[in-house]
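The residues making up each chain are set out below.
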Amino acid sequence: MIRLVDLCKSYPTSQGPREVFRNINLTVAPGERVGILGRNGAGKSTMIRLLSGAEQPTSGLVERRMSVSWPLAFGGAFQSALTGLDNLRFICRIYGIPWEDKLEYVQQFSELGPYLREPLRVYSSGMRARLAFALSMVIEFDCFLIDEVVAVGDARFHEKCHAELFEKRADRALIIVSHDANYVREHCSTLCVLSEGEMSVFTDPDEAFEFYHRAIHLQ
Amino acid sequence: MSMSPAGPSDGRSALAAAFEVQRRVIWALLLREMITRYGRHNFGFLWLFLEPMLFTLAVTLLWVGLDLNHVSSLPITAFAVTGYSSILLWRNMPGRLIGSIGPNLALMFHRQVKVIDIFLSRLALEFMGATISFIVLTVLFTGIDWMALPEDLLQVCIGWLLLAWFGAGLAILLGALAEDYDIVEKLWHPFAYLILPLSGAAFTVDTLPPAGQQWILYLPMVNAIEYLREGYFGSVVHAHYDLAYLISVNLLLTGLGLAKTRVVSQKVVPE
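Worth saying up front: this structure is predicted, and the values here are computed from it rather than measured. (Residues numbered from 1 in each chain as written. Chains lettered and ligands numbered in written order. Predicted model: local features only at pLDDT ≥ 70, side-chain atom pairs only at ≥ 80, totals over all residues. Heavy atoms only, no water.)

A. Layout of unusual backbone geometry. Positive phi outside glycine occurs at N23 of chain A, with the angle close to 45°. Here N23 of chain A lies in strand β2 (residues 16-28). Of note in this structure, D145 of chain B is not a glycine but carries a positive phi near 65°. You can see D145 of chain B is positioned in the loop between α4 (115-143) and α5 (153-180). (Helix = DSSP H or I, 4+ residues; strand = E, 2+ residues; numbered from the N terminus.)

B. Seen up close, the interface of chain A and chain B. Listed per partner, the contact involves 35 residues of chain A and 33 residues of chain B. Our enumeration of links across chain A and chain B arrives at eight residue pairs in polar contact (both at pLDDT 80 or more). When residues of the side of chain A that touches chain B are assigned to their parent elements, the largest contribution, seven residues, is made by helix α2 (residues 84-95) of chain A. Among the residues forming the side of chain A that touches chain B, the class breakdown is 17 nonpolar, nine polar and nine charged. (Contact = heavy atoms within 4.5 Å. Polar contact = N/O pair within 3.5 Å; in protein donor to acceptor, adjacent residues only side chain to side chain. Nonpolar A, V, L, I, M, F, W, Y, C, P; charged D, E, K, R; others polar.)

C. Highlighting the sheet that holds strand β3 (residues 33-38) of chain A. All names here are of chain A. Sheet architecture is open: six strands sit in the order β5-β6-β7-β3-β8-β9, paired in mixed fashion. Sheet topology places β5 (68-72) and β9 (198-202) at the edges, where each strand pairs with a single neighbour. Strand-to-strand, the axes of this sheet are offset by a mean angle of 15°, without reference to chain direction. As judged from the five bridges shared by β3 and strand β7 (residues 173-178), these two strands associate in the parallel manner. Within the sheet, the bridge partner assigned to L37 lies in β7 and is S178. Sheet strands touched by helix α5 (residues 155-168): β3, β6 (143-147) and β7. Its angle to β7, the strand with the most contacts, is close to 135°. (Pairing = 2+ DSSP bridges. Axes fitted to C-alpha atoms, helices over the stretch in contact; angles between N-to-C directions.)

D. Inspection of the confidence of the model for chain B at higher detail. Summary statistics for chain B give a mean pLDDT of 89 and a share of 94% for residues scoring 70 or more. Note on residues 1-9 of chain B: pLDDT is under 50 here. Beyond four places in sequence and across chains, it has 18 contacts. (pLDDT = per-residue confidence, 0-100.)

E. Summary view of helix α1 (residues 14-38) of chain B. Given a rise of 1.5 Å per residue, 25 residues ought to cover 36 Å, and the 36 Å separating the end C-alpha atoms of α1 of chain B matches this to within 8%. Turning to α1 of chain B, its buried residues number three or more, namely A17, R24, V25, I26, A28, L29, L30, L31, R32, E33, M34 and Y38 of chain B. Elements that come into contact with the buried residues of α1 of chain B comprise α2 of chain A together with α2 (47-66) and α4 of chain B. (Expected span 1.5 Å × (residues − 1). Buried < 20%, exposed > 50% of the residue type's maximum accessible area, 1.4 Å probe, protein only.)

F. Layout of the pairing of β3 of chain A. All names here are of chain A. The buried fraction of β3 is high, at six of six residues. A two-sided burial pattern is seen for β3, the buried positions comprising R33, G35 and L37 on one face and V34, I36 and G38 on the other. One ladder, built from five bridges, connects β3 with strand β8 (residues 190-195); its direction is parallel. Within the sheet, the bridge partner assigned to I36 lies in β8 and is C192.

G. Just the sheet that holds β2 of chain A, in detail. All names here are of chain A. Ordered by their spatial adjacency, three strands build an open sheet running β2-β1-β4, and the pairing between neighbours is antiparallel. Lying at the two open borders of the sheet, with one neighbouring strand each, are β2 and β4 (59-64). The sheet shows a mean angle of 30° between the axes of neighbouring strands, taken without regard to direction. Summarising the sheet, strand β1 (residues 2-13) and β2 pair through nine bridges and their orientation is antiparallel. Directly across from L7, in β2, lies its bridge partner I24. This element, helix α1 (residues 44-52), spans β1, β2 and β4 of the sheet and lies at about 125° to β1.

Here you go:
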């Protein structure tokens, strides 16, 4: 279970503190699939980082009672000066598992071939996404945090992600943040909308959609 | 409760589990740092101690070549090796930690990786490099009879560790402060340069006038180097130091540094 209790987050700016979240409460049960919608700048990535524990809330509580992945996103989590293989070793070392057993899987999934031994900075965004996804599948988490990344890539990448995440790991919890309402609707049972620093939780997708569309056009 | 490797394991205290995670993270960061800093080409990670070794070697040969025996009555090679190794030990640490968070922000996407882990892994590397360099040079010069082995090895080790502690405490404080104040980075370089001739590497306190002795001992590293040299040269030198003062400063720097690091970690935004 993951629980957010009265979570607040603000960032210092040159014009004083800017509030991103105000008193957010959320509970995610094991195996639950939660989609968080929000327009650009609504704080989706911040929410994922807070859930993962990579960032600390200004006040309130983030309680993780199951193992939670790092935010699976376009950027971040990996060092671009290092090779794909070095990054695999790093991940395995911090989680205390032997990397040798995982090499074949990563090679197979990422389809990087010889590029696995080249620094990440020469990768295309598709290659990065494949590596990032493969590395996060190496550790068996109870809950995966996904920041848009699955929404990119070609059809083949989509199919593979789908098989790994939604078929092989169908029993795991999942939190996806996206601005793509259809993608979220397809994969999640609980929908949340981030807007104006608050999070509204819906069990009826139509209601969530309507709220989200109103939020998008809110000026 | 999860039984996966990412979750807390049963049967051990939470504290022991936390230490285990921290040990793994620091080790992983240390290996990562060795690859990004030294690469896999030519000498690779040997640069870890070849770099400080070359510097100390050059200075030692220069001193010996110039026949600077008037600097002190001590054997010039051992004087230079103990002096410059000491400088490299404490002075490189703050330089490594100032601005060290930025390049590691991507790795902080992993909640296990904290600011203090980045600091500690870099400090461990600096300590290893300077220590191996000191040992190799001592053995090397002893082998060709340019210097003798230390009289009191234990005292040399304690002096070395106290100096490393001073460097680490100062580095953690400055590394954490540099996150909030850019000026720390700007001021550290001139400061490190200006403090060099005062740091006790190139003189012994005993050769200074009494008024100067009193003032120079306010610099913590001078106390450590004096203590280390007393251990190295034994009764040949008349060392001046105040270990209680040195340890107090070390404790203060470490305490303030850790407190500031904690504040900084609360605010860090991974990218």
